[in-house]
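The primary structure of each chain is shown beneath.
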Amino acid sequence: MLRSKILNRIRLLKPVIDRRCMSSASKTPLTLLEVDDKSGIATLSLNRPPVNSLNIDLMNSIIESITEIEGNKSRGLILTSANDRVFCAGLDLNELHKPNQERLKEFWAVFQDVWLALHLCSVPTAAAINGHAPAGGCLLATACEYRVMLPQMTIGLNETQFGYMAPKWVMLSYLSVLPRRLAERALTQGKLFTTAEALDVGLVDEIAASKEEALAKCSTFIDSFSKANPLARSLTKKQIREPDVQKLIADRAGDLKECLEYINSPLLQDGLGAYFEALKQKSRSKAGKS
Ligand SMILES: CCCCCCC/C=C/C(=O)SCCNC(=O)CCNC(=O)[C@H](O)C(C)(C)COP(=O)(O)OP(=O)(O)OC[C@H]1O[C@@H](n2cnc3c(N)ncnc32)[C@H](O)[C@@H]1OP(=O)(O)O
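Residues numbered from 1 in each chain as written. Predicted model: local features only at pLDDT ≥ 70, side-chain atom pairs only at ≥ 80, totals over all residues. Heavy atoms only, no water.

I'm lost on the overall build of the chain in this one. Help?
Tallying secondary structure elements over the chain gives twelve helices and nine strands in all. Taken against the 2.2 N^0.38 rule, which gives 19 Å for 290 residues, the C-alpha radius of gyration of the chain at 18 Å falls within 12% of a compact globule. Across its three principal axes, the chain shows a C-alpha extent of roughly 50 × 45 × 45 Å. Counting all 290 residues of the chain, 50% fall into the buried class. Sequence separation of 24 or more characterises 75% of the internal contacts of the chain that already satisfy a separation of 6 or more. Total accessible area computed for the chain in this model is approximately 13600 Å², and 58% of it derives from carbon and sulfur atoms. Looking at charge distribution, the chain has the averaged site of its 37 positive side-chain charges lying 2 Å from that of its 32 negative ones. (Helix = DSSP H or I, 4+ residues; strand = E, 2+ residues; numbered from the N terminus. Rg over C-alpha atoms; globule rule 2.2 N^0.38 Å. Buried < 20%, exposed > 50% of the residue type's maximum accessible area, 1.4 Å probe, protein only. Contact = heavy atoms within 4.5 Å. Areas by Shrake-Rupley, 256 points an atom, 1.4 Å probe, with all protein chains shown as cover. Lys, Arg positive; Asp, Glu negative; His and termini not counted. Charge placed at Lys NZ, Arg CZ, Asp CG, Glu CD.)

This is the structure we're talking about:
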């Protein structure tokens, strides 16, 4: 009963995800997809300079790649970054600051879709975190089943640092890897964990000295499922993750409405404006120094 319910629910999700993929395929390769012909493992690299910030096109490109990977029977998916400083800088602040309302609705719906697509991906998933992963970048990493991170990076849901309260389903990503008390403290502090701290608390599973080593460790994780029947594995994963997604699927419109109200609030817009300006200022002073 639950199995068919889950399958039906996934099928229900698919049309939304597939429609979005077709409608706004990006012209430039915002994601790079390579399938290793020996291991059958797909590597999906985020490729939107300078910091892989998540806009509508990049998120649709991720969803499209996940759909392709699930369709071509890849044995697993490794998510990583094409640049060596930043895994993903989270949501593109240009989409959230003084937003066009129609675009904001689409942006938020695609944000929900990309999390659902990755969180429920039918093949084993691992993140090779070869750069900083704040906020939405951390969310992509925790949607994966395994995380390997390079040293001297940061990762975390830092939304309270700029006036956000992460939506319930975003908080669930922390609760799927951290004990509740630690997840609550980190969320309320808006904490960015260093690589060492993230390993210590279990936010990441391993540290690697290089991107190549991180990719190899992710492949080893994916190989650990070699004896499991792929369909049984996928259904088991979806059944375990069902309660998380159920909260979002049951009321996507309500989540959208709540977040639009919140994002458009003067409190948030003022906080976001100041945060974004400080970021630009930092970048300008860095450019001035170089
Ligand atoms: C209900 C409300 C919504 C809740 C949603 C909850 C889920 C997710 C929320 C989010 O993801 S909001 C975004 C949060 N992201 C961040 O706080 C990260 C901000 N960026 C940084 O900390 C740093 O840029 C970095 C990622 C650590 C990289 O540092 P680095 O020194 O390598 O680069 P910078 O000089 O800082 O930046 C280069 C360039 O990129 C621009 N930029 C950086 N981050 C973003 C971003 N998220 N969106 C848009 N643009 C970004 C930065 O302004 C620079 O641009 P220029 O000034 O050079 O044009």
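After that view of the structure, there is still more to cover.
Hey, could you run me through the sheet that holds strand 4 (residues 125-129) in this one?
Backbone hydrogen bonds hold the strands of a sheet together, and the pairing may be parallel or antiparallel. With mixed pairing, six strands are arranged side by side in an open sheet as 1-2-3-4-6-9. Each edge of the open sheet carries a strand with a single partner, namely strand 1 (31-35) and strand 9 (206-207). Pairing analysis gives three bridges linking strand 3 (residues 76-81) to strand 4, with the strands arranged parallel. Within strand 4, the residue paired with leucine 79 across the bridge is alanine 127. Along the sheet, helix 5 (residues 136-143) makes contact with strand 2 (41-46), strand 3, strand 4 and strand 6 (146-149), crossing strand 4 at roughly 140°. (Pairing = 2+ DSSP bridges. Axes fitted to C-alpha atoms, helices over the stretch in contact; angles between N-to-C directions.)

How should the site of the ligand be read in this particular structure?
The ligand sits among 33 residues. The nearest are Arg85, Leu91, Tyr275, Ser283 and Lys286. Glycine 136 places a polar main-chain atom, nitrogen or oxygen, 3.0 Å from an oxygen atom of the ligand. One nitrogen or oxygen atom from the side chain of lysine 282 is found 2.9 Å from an oxygen atom belonging to the ligand. Out of a free accessible area of 1100 Å², the ligand has 86% covered by protein chains. Residue assignment for the shell around the ligand shows that the elements contributing at least two residues are helix 3 (93-96), helix 4 (101-119), helix 11 (252-264) and helix 12 (266-289). It is helix 12 that provides the largest number of residues to the shell around the ligand, a total of seven residues. A class-by-class count of the residues in the shell around the ligand yields 20 nonpolar, seven polar and six charged. (Near = heavy atom within 4 Å. Polar contact = N/O pair within 3.5 Å; in protein donor to acceptor, adjacent residues only side chain to side chain. Nonpolar A, V, L, I, M, F, W, Y, C, P; charged D, E, K, R; others polar.)

Looking at this structure, I do not really get the sheet that holds strand 8 (residues 193-194). What am I missing?
Ordered by their spatial adjacency, three strands build an open sheet running 5-7-8, and the pairing between neighbours is mixed. If you trace the sheet from one side to the other, it starts and ends with strand 5 (133-134) and strand 8, each paired once. Here strand 5 pairs with strand 7 (residues 154-156) via two bridges, running parallel. Counted as the bridge partner of alanine 133 is isoleucine 155 from strand 7.

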